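For reference, the chains in residue letters:
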Amino acid sequence: MPIYRAGLRELNWPKYRERMYLTGVFHPSCWDDVNVDSPDHMSHVAYSSDRTALGSCPQTHPVKIPQIECFVRVYQYEGGVHVFSDGTTRTYAD
């Protein structure tokens, strides 16, 4: 059962049927310590050095915040590329 990490990038969808398909969306875990939001709704937070909750934060975003991880399981995955309502194969969460 492979795990495909998503975010703001295109997924390499499995071509073949699998018993279960699992994908995850991982949110940033570092904050700039100033802004609660930003015009692009993203630049006030950043990913750690290794993109996990345990990694080091960059100097520009020195404050650790809890990392939210969202997972979706699709049982009896039929295989092939899936396109979402925004016309991309990109998974994301707000």
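Position numbers for residues start from 1 in each chain and track the written sequence from start to end. Side-chain atom pairs in this predicted model are given and counted only at pLDDT of 80 or more, local residue features only at pLDDT of at least 70, and totals for whole chains, interfaces and linings cover all residues. Side-chain measures were taken over the full set of non-hydrogen atoms in the model, leaving aside hydrogen atoms and water.

The next subject is the packing of aromatic side chains. Centres within 6.5 Å are what make two rings of Phe, Tyr or Trp a pair, Trp counting through its six-membered ring; a difference in plane orientation under 30 degrees is then read as stacked, over 60 as edge-to-face, and the rest as tilted. Inspection of every chain in the model, using the stated rule, returns one aromatic pair. Both rings, one in Phe 26 and one in Phe 71, keep their centres 5.5 Å apart while their planes meet at 85°; by these two values the pair is edge-to-face. One end of the pair, Phe 26, is in strand β2 (residues 18-26); the other, Phe 71, is in strand β6 (residues 69-77), with 45 residues separating them in the sequence. Under the scheme applied here, a residue whose accessible area is under 20% of the maximum for its type counts as buried, over 50% as exposed, and between as partly exposed, the area being computed with a 1.4 Å probe on protein chains only. A relative accessible area of 44% means that Phe 71 is categorised as partly exposed. Working rule: Lys NZ or Arg CZ, within 6 Å of ring centre, within 35 degrees of ring normal, means a charge sits over the ring. Sitting over the face of the ring of Tyr 47, Arg 51 holds its NZ or CZ atom 3.8 Å from the ring centroid. Numbering of helices and strands runs from the N terminus; a helix is a DSSP stretch of H or I covering at least four residues, while a strand is a stretch of E covering at least two.

With that settled, consider the confidence of the model for the chain. Every residue gets a pLDDT, meaning the predictor's confidence in that residue, from 0 to 100. Of all residues in the chain, 80% have pLDDT values of 70 or greater, and the mean over the chain is 79. Taken as a whole, residues 1-10 scores under 50 in pLDDT and shows 31 contacts with residues more than four places along the chain or in a different chain. Should any heavy atoms of two residues lie within 4.5 Å, those residues are considered in contact.

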